[in-house]
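# Structural description and commentary
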Amino acid sequence: VQLQASGGGLVQAGGSLRLSCAASGRTFSRYNMGWFRQAPGKEREVVAVINWSGGGSTYYADSVKGRFTISRDNAKNTVFLQMNSLRPEDTAVYYCAQKAGMYSMTTSFDESDYWGRGTLVTVSS
């Protein structure tokens, strides 16, 4: 499995970015996908998760609810993270991940799952 994240960059507070993660290597539509982030000096944290079908089952960290939206296009093997109203505290390296096993919905991802290389998001004040 390969996951390629893109879309990071430098944006001013209040701005927007859209991250994309293209997956390959197995049937994309069978697996939950997640976005995670790691800020300097902090542990990695979950940002948002979407279940395999994308049919409405999503999870958001409290810190991003109402500002970020996760979605997926199973025809294009891609998961997205639309980030609006960005804040300086959103600055981090953002990673996409694919659950190794098949679940209806889970927010538990660990090193046994598949991870892409991160994309850096920097929000200036």
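Just so it is clear, the model here is predicted, and its values are computed rather than measured.

The geometry of an aromatic ring pair is captured by two quantities: the separation of the ring centres and the angle between the planes. Across all of its chains, the model carries three aromatic pairs by this definition. Ring centres of Phe109 and Trp115 lie 6.5 Å apart, and the angle between their planes is 75°; this geometry places the pair in the edge-to-face category. The structure contains a cluster of three or more aromatic residues connected by ring pairs, namely Phe36, Phe109 and Trp115. We note Arg26 situated over the ring of Tyr31; from NZ or CZ to the ring centre the distance is 3.4 Å.

Counting residues in each nonpolar core, the largest one holds 28 residues, and the members touching the most others are Trp35, Leu81, Met83 and Tyr94. Broken down by secondary-structure element, the contributors of at least two residues to this core are strand E1 (2-6), strand E3 (17-24), strand E4 (33-38), strand E5 (45-50), strand E7 (68-73), strand E8 (78-83), strand E9 (92-98) and strand E11 (119-124). Take this core: its biggest share by element is four residues, from E3. Discounting chain neighbours no more than four positions away, the residues touching Leu81 are Leu17, Arg18, Leu19, Trp35, Val47, Ala48, Phe68, Thr69, Ile70 and Tyr94.

Here we come to the side chain of Asn51. Along the chain, Asn51 turns up in the loop between E5 and strand E6 (58-60). In this structure, Asn51 is in contact with Asn32, Ser57, Arg72, Ser104 and Met105, ignoring residues within four places of it in sequence.

Okay, the pairing of E3 next. Where E1 meets E3, five bridges bridge the pair, whose relative direction is antiparallel. From the neighbouring strand, Ser6 faces E3, where its bridge partner is Ser20. Bridge count for E3 against E8 is six bridges, and the pairing is antiparallel. Paired with Leu17 across the bridge in E8 is Met83.

This next bit is on the pattern of salt bridges. A full pass over the atoms with the stated rule returns six salt bridges. Two residues, Asp90 and Arg37, come together in a salt bridge whose shortest N-O distance is 2.9 Å. In this pair, Asp90 is assigned in the loop between E8 and E9 and Arg37 in strand E4, connecting sequence segments 53 residues apart. Considered together, Asp90 and Arg37 belong to a single accessibility category, that of buried residues. For Arg44, the salt bridge goes to Glu111, with nearest N and O atoms at 2.7 Å. Of this pair, Arg44 sits in the loop between E4 and E5 while Glu111 sits in the loop between E9 and strand E10 (114-115); the two residues are 67 residues apart in sequence, bridging distant segments of the chain. For Arg44, a relative accessible area of 34% puts it in the partly exposed group. Salt bridges here are not isolated pairs; linked through shared partners, they connect Arg37, Glu45, Arg67 and Asp90.

Moving on, we get to the pairing of E9. Of all the seven residues making up E9, five are buried; the element is thus mostly covered by neighbouring parts of the structure. When E4 meets E9, the two strands line up antiparallel, connected through six bridges. Paired with Trp35 across the bridge in E9 is Cys96. Sheet topology places E9 next to E10; two bridges connect them, and they run antiparallel. From the neighbouring strand, Ala97 faces E10, where its bridge partner is Trp115.

Definitions and limits used
- Per chain, residue numbering runs from 1 following the sequence as it is written.
- Residue-level local features of this predicted model are given only where pLDDT is at least 70; pairs of side-chain atoms are given and counted only at 80 or more, and the full residue set underlies all totals for whole chains, interfaces and linings.
- Here the side-chain values reflect all heavy atoms present in the structure, with hydrogen atoms and water set aside.
- Under the pairing criterion, centres of Phe, Tyr and Trp rings, with the six-membered ring standing for Trp, must be within 6.5 Å; the plane angle then separates stacked pairs below 30 degrees from edge-to-face pairs above 60, leaving the rest tilted.
- The rule for a charge over a ring is simple: NZ of Lys or CZ of Arg within 6 Å of the ring centre, and within 35 degrees of the ring normal.
- Throughout this description, the term nonpolar core refers to a set of buried Ala, Val, Leu, Ile, Met, Phe, Trp, Tyr and Cys residues connected via side-chain atoms within 4.5 Å.
- Buried residues are those whose accessible area, probed at 1.4 Å on protein chains only, stays under 20% of the maximum for their type, while exposed residues exceed 50% and partly exposed ones sit between those limits.
- Counting from the N terminus, the helices are DSSP H or I runs at least four residues long and the strands are E runs at least two residues long.
- Any pair of residues with heavy atoms lying within 4.5 Å of one another is described as a contacting pair.
- Here, any two strands with at least 2 DSSP bridges between them count as paired.
- By convention in these notes, a salt bridge is any Lys or Arg side-chain nitrogen within 4 Å of a carboxyl oxygen on Asp or Glu.

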